[in-house]
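# Reading the structure
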Amino acid sequence: MGLWDVEDYGTIADRACWSMFAVTACEVSSRIFSKGGGLGMDDYITVFCVVVMLVTCILITIGTQYGLGRRMEAIDPPLIPRALKWNVIISSVLIWTFSLPKFAIIATLKRILNYGLKTTILFWGLALSSQACISATSVWWYKQCDPVEFGWNRTIPGGKCASTKVMSDLGYFTSAYSAFLDVFFAVYPIPFIMRLNMPLKNRILVSIALGLSILAFILTIYKLTIFGEIFVVLAENPTYPVPLLDILGLGEGCILVVCSSLPTLGPLFRLARGKVRTLSGSGNGSRTASQGRRSSATHRGLSSTSGRWDKLQGHQLDDEERTSSHAGKSIDDIPLVYHGADQIHKTLEFKVTTSAKGDRRAKPIDDRDT
């Protein structure tokens, strides 16, 4: 079946967009749970992105009820102006779903790499310039017609609209720039992550998790390749191809949010792995010993990590010759993930002993090395 042989893109858009939102919302919920209350700017930005996606999905569903996704001859004539009106509203909001997650990625990288002033200016400069283009495109969806209502009600006397080439050019530029930033933020941090003083496996996993955002670049490139066809179809059936663009735009944003959240789920994975190992133990004795060993390793890791990170706070590293000071035994040594490690610490069994000096300290049940 060809791209333009589909009878109703509205139904497809409803299912696809809500499915992508559900996966993204679950991922972000796991992220918040893993942090254990120690939320930072990256978490708040990510949650805001999810809220914008939720609003977008609701708008898409409303628009499809009026006929978006179907050809104009298949829509009741009284519903066509409403469908076109919701098209303008959806399009002006949708483009924010794949621009805002870039700020979440920048804040996430800040928590991982603690980069300095010059890198901060570079990252935020790129993201803000992209957001400026997005904002201009969002406004143009309304201002391209005078009066604005003429965009969905062509019976208004004296109304006129700008050439569709203006919107086409804006769409090409903003999408191409967004694709460039997707690749940049996926590839640029990898050399710095690989220089972290932590196990190679963990460095590779974090690099892959963030690098998967290059999938958003691939999706955007596909969108650019069909832009020309879409605008040709829009000239004849302005209600028909819109939901396809909605799917691609929301998909890009969901990929970015999911990829930026993956590195934060370390504590949740370790907690789940610990429970699986406990359930698979052959007896009470082996389970107790296993818990003791994990308690000892986690306790030592948390203590050493806390000390190292306390010393690092407020210390900005050079941008060009950076070598990370996050030395440690596990991915918990990345402060981004460390906040959630307290939840694991609380789930382990510790006995409290009182030293000769009267101070109280937590000691693992079993101090043997893993």
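Values in this document were obtained by computation on a predicted structure and should not be read as measured data. (Residues numbered from 1 in each chain as written. Predicted model: local features only at pLDDT ≥ 70, side-chain atom pairs only at ≥ 80, totals over all residues. Heavy atoms only, no water.)

### Re the confidence of the model for the chain
The pLDDT averaged across the chain works out to 76; a share of 72% of its residues lies at or above 70. The lowest-confidence element of the chain is strand 3 (residues 350–354), averaging 35 in pLDDT; the highest-confidence one is helix 2 (residues 41–65), averaging 94. Between residues 282–292, whose pLDDT stays under 50, and residues either more than four places distant or in other chains, the model counts 9 contacts. When the criterion is pLDDT under 50, residues 294–370 qualifies, and its contacts beyond four places in sequence or with other chains add up to 146 contacts. (pLDDT = per-residue confidence, 0-100. Helix = DSSP H or I, 4+ residues; strand = E, 2+ residues; numbered from the N terminus. Contact = heavy atoms within 4.5 Å.)

### Remarks on unusual backbone geometry
Note that the residue after D146, namely P147, is joined by a cis bond; omega there is 0°. Backbone geometry at N114 places phi at a positive 50°, although glycine is not the residue there. Following the sequence through the fold, N114 ends up in the loop between helix 4 (101–113) and helix 5 (117–143).

### Some words on the pattern of salt bridges
Using the criterion set out here, one finds 8 salt bridges in the structure. We note a salt bridge from K102 to E252, for which the minimum N-O separation is 3.8 Å. With K102 in helix 4 and E252 in helix 10 (residues 242–261), this residue pair connects regions lying 150 residues apart in the sequence. The burial state of K102 is the same as that of E252; both residues are buried. The salt bridge partner of E252 is K223, with a shortest N-O separation of 4.0 Å. With E252 in helix 10 and K223 in helix 9 (residues 214–236), the pair connects residues that are 29 residues apart, well separated along the chain. Judged by relative accessible area, which is 1%, E252 ranks as buried. The structure contains a network of salt bridges with shared partners spanning R31, D42, D43 and R111. (Salt bridge = Lys/Arg side-chain N within 4 Å of Asp/Glu carboxyl O. Buried < 20%, exposed > 50% of the residue type's maximum accessible area, 1.4 Å probe, protein only.)

### Some words on the environment of P241
As for its position among the elements, P241 is in the loop between helix 9 and helix 10. Judged by relative accessible area, which is 0%, P241 ranks as buried. Taking the C-alpha atoms as reference points, P241 and V6, separated by 235 residues in sequence, lie 9.8 Å from one another. Residues contacting P241, with those up to four places away along its chain left out, are W4, I230, V233 and L234.

### Describing helix 3 (residues 80–94)
Taking 1.5 Å per residue as the helical rise, helix 3 with its 15 residues ought to reach 21 Å, and the 20 Å between its terminal C-alpha atoms agrees with that figure. All of the buried residues in helix 3 are I80, A83, L84, N87, V88, I90, S91, S92 and L94. (Expected span 1.5 Å × (residues − 1).)

### Concerning the packing of helix 4 against helix 6 (residues 164–187)
Packing of helix 4 against helix 6 brings their axes to within 11 Å, and their N-to-C directions diverge by 20°. Relative to helix 6, the element helix 4 is oriented roughly parallel. Handedness of the crossing formed by helix 4 with helix 6: left-handed. Every residue of helix 6 that contacts helix 4 at K102, I105, I106 and L109 is listed here: S178, L181, D182 and F185. Looking at side-chain class alone, the contact of helix 4 with helix 6 contains 5 nonpolar, 1 polar and 2 charged residues. (Axes fitted to C-alpha atoms, helices over the stretch in contact; angles between N-to-C directions. Parallel < 35°, antiparallel > 145°, perpendicular 65-115°, else oblique. Left-handed = near helix turned anticlockwise from the far one by under 90°. Nonpolar A, V, L, I, M, F, W, Y, C, P; charged D, E, K, R; others polar.)

### Brief notes about the packing of aromatic side chains
All chains considered together, the criterion is met by 17 aromatic pairs. With 5.3 Å between their ring centres and 80° between their planes, F123 and F185 make a pair best called edge-to-face. One end of the pair, F123, is in helix 5; the other, F185, is in helix 6, with 62 residues separating them in the sequence. Pairing Y177 with F180 gives two aromatic rings, centres 6.3 Å apart and planes at 10°, and the pair type is stacked. Residue Y177 and its partner F180 are both found in helix 6; the two are separated by 3 residues, about one turn of the helix. Ring-pair connections join several aromatic residues into one group, and the members of that group are Y115, F123, F173, Y177, F180, F184, F185, Y188 and F192. Here the guanidinium or amino end of R71 rests over the ring plane of Y240, the centre of that ring lying 4.2 Å away. Lying over the aromatic face of Y115, K110 brings its terminal NZ or CZ to 5.1 Å of the ring centre. (Phe/Tyr/Trp six-rings, centres within 6.5 Å; stacked < 30°, edge-to-face > 60°. Lys NZ or Arg CZ within 6 Å of the ring centre and 35° of its normal.)

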